[in-house]
Amino acid sequence: MSSTPVIAAVDGSEDSRRALEWALDAARRRAAELRVVHVRQYAAWGQADVLVAGPPDAGGDPVLDEVRALLRDRPDAPAVEYVAMEGVPGAVLPELGTDSQLLVLGSRGRGGFASLLLGSNGMAAARDAACPVVVVPRPGRDGSTSRAVRAVGEHGGGPDGPGPRVVVGVHADSPDDATLDFAFTEAALRGARVRAIAAYPWPVQTWSAPGQPVPPPIDEDAVRNETRSLAEGFLAPHRKRHPDVRAEVEALPGDAAGHLVAASKKADLVVVGRHRRRLLAPASMMGSVTQAVLLHAASPVAVVPPAPPQE
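This text gives an overview of the structure that appears in the document. (Residues numbered from 1 in each chain as written. Predicted model: local features only at pLDDT ≥ 70, side-chain atom pairs only at ≥ 80, totals over all residues. Heavy atoms only, no water.)

### A look at the packing of helix H3 (residues 89-96) against helix H4 (residues 120-128)
Piece 1. Contact geometry of H3 with H4 gives a least axis separation of 8 Å together with a crossing angle of 35°. At the point where H3 passes H4, the crossing takes the right-handed sense. Every residue of H4 that contacts H3 at Pro89, Gly90, Leu93 and Pro94 is listed here: Asn121, Ala124, Ala125 and Asp128.
Piece 2. Here the residues of the contact of H3 with H4 sort into 5 nonpolar, 2 polar and 1 charged. (Axes fitted to C-alpha atoms, helices over the stretch in contact; angles between N-to-C directions. Helix = DSSP H or I, 4+ residues; strand = E, 2+ residues; numbered from the N terminus. Left-handed = near helix turned anticlockwise from the far one by under 90°. Contact = heavy atoms within 4.5 Å. Nonpolar A, V, L, I, M, F, W, Y, C, P; charged D, E, K, R; others polar.)

### A few points about the nonpolar core
Piece 1. Ranked by internal contacts, the top residues of the largest apolar core, which has 45 residues, are Val6, Leu34, Val104 and Val271.
Piece 2. Val271 has contacts with Val166, Val167, Val168, Gly169, Thr179, Phe182, Ala183, Ala302 and Val304, leaving out every residue within four places of it along the chain.
Piece 3. In terms of nonpolar packing, the next biggest core, distinct from the first, is built from 31 residues, Met85, Ile197, Val293 and Val301 among them. (Core = buried A, V, L, I, M, F, W, Y, C linked by side-chain atoms within 4.5 Å. Buried < 20%, exposed > 50% of the residue type's maximum accessible area, 1.4 Å probe, protein only.)

### Some remarks on the pairing of strand S7 (residues 193-200)
Piece 1. Within S7, 7 of the 8 residues are buried, which leaves the element mostly enclosed by the surrounding structure.
Piece 2. Here strand S6 (residues 165-169) runs beside S7; their pairing, made up of 5 bridges, is parallel. Residue pairing for S7: Val168 is matched across the bridge by Ala196.
Piece 3. Read from S6 through helix H6 (residues 177-190) to S7, the crossover connection turns out right-handed. (Pairing = 2+ DSSP bridges. Right-handed = clockwise from strand over helix to strand, strands pointing away.)

### Structural notes on the side chain of Asp11
Piece 1. By secondary structure assignment, the location of Asp11 is in the loop between strand S1 (2-9) and helix H1 (14-30).
Piece 2. A polar contact is formed between the side chain of Asp11 and the side chain of Ser13, at a distance of 2.6 Å. (Polar contact = N/O pair within 3.5 Å; in protein donor to acceptor, adjacent residues only side chain to side chain.)

### Considerations on the pairing of strand S2 (residues 32-41)
Piece 1. Most of S2 is tucked away, with 7 of its 10 residues classed as buried.
Piece 2. With 8 bridges connecting them, S2 and strand S3 (residues 80-87) associate as parallel partners. Of the residues in S3, the one forming a bridge with Arg35 is Glu81.

### Examining H1
Piece 1. The terminal C-alpha atoms of H1 lie 25 Å apart, and with 17 residues this matches the ideal 24 Å at 1.5 Å per residue to within 8%.
Piece 2. Of all the residues in H1, the buried ones are Asp15, Ser16, Ala19, Leu20, Trp22, Ala23, Leu24, Asp25, Ala26, Ala27 and Arg30.
Piece 3. Following H1 by one or two positions, Ala31 has its phi on the positive side, about 50°. (Expected span 1.5 Å × (residues − 1).)

Function cannot be read off these values alone, since they describe shape.
Set out below in structure tokens:
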């Protein structure tokens, strides 16, 4: 059994129950312990700057009692630990990732605004946690986004085929090895294939000063082939480590978010990376593509923190 647990964040909502089922399956596949955590929100007059409360006593917690009853007769359930905490969930949940291999939560918990597709707790965990975070959406999402993003996403539907599929976004300019490693590992655990999507900007805007000759047009086929070639190179070491995982690369024009959201309709999981911290932006960042996928994807979404910089 793996020494690091899979964490399911629960709050009694239907969203968290869906996340719990996903986490149960993930723990079984990884031969890992499942840690079910309920973060009890401080009262309005409590100290919001204190992140966690006293000892993690799970006794007398009705939310955890409900989960215990749900899992009591599951013959295939992994080892389960129940933990009750107090604090601000948006601050506590990311901290749980420091000693876990995966954090799973619903797209919106109890008390969220009905108009929000992703709650603040999910956004905070996906942005700040040290481990990969899986956000399980509500059923009924159709993978639609705004008109502009939907248009680029519909440029190409991608190859169809039977069986489970893990979709991963590949940034040809600055790929992150941790994101690809997570996607291939998850595909191997699920007996799934990998669909890697590398988007390139198109059409390319060209500008010239008055009186200057207009540069020759850029050949889209050349841009597409170069993007695909780069992506194939990034996938090569992962294919070598996972020879049983079938992987296909698609180079598609336009914004990556639209393509990934469209691909989520037929995916078991979409995997996206999180931005590295930069000198002038030291805070954790997700990026517009990752945020759009979290808001609109029809399938669960895994947000993977970047690999630590090599010394």
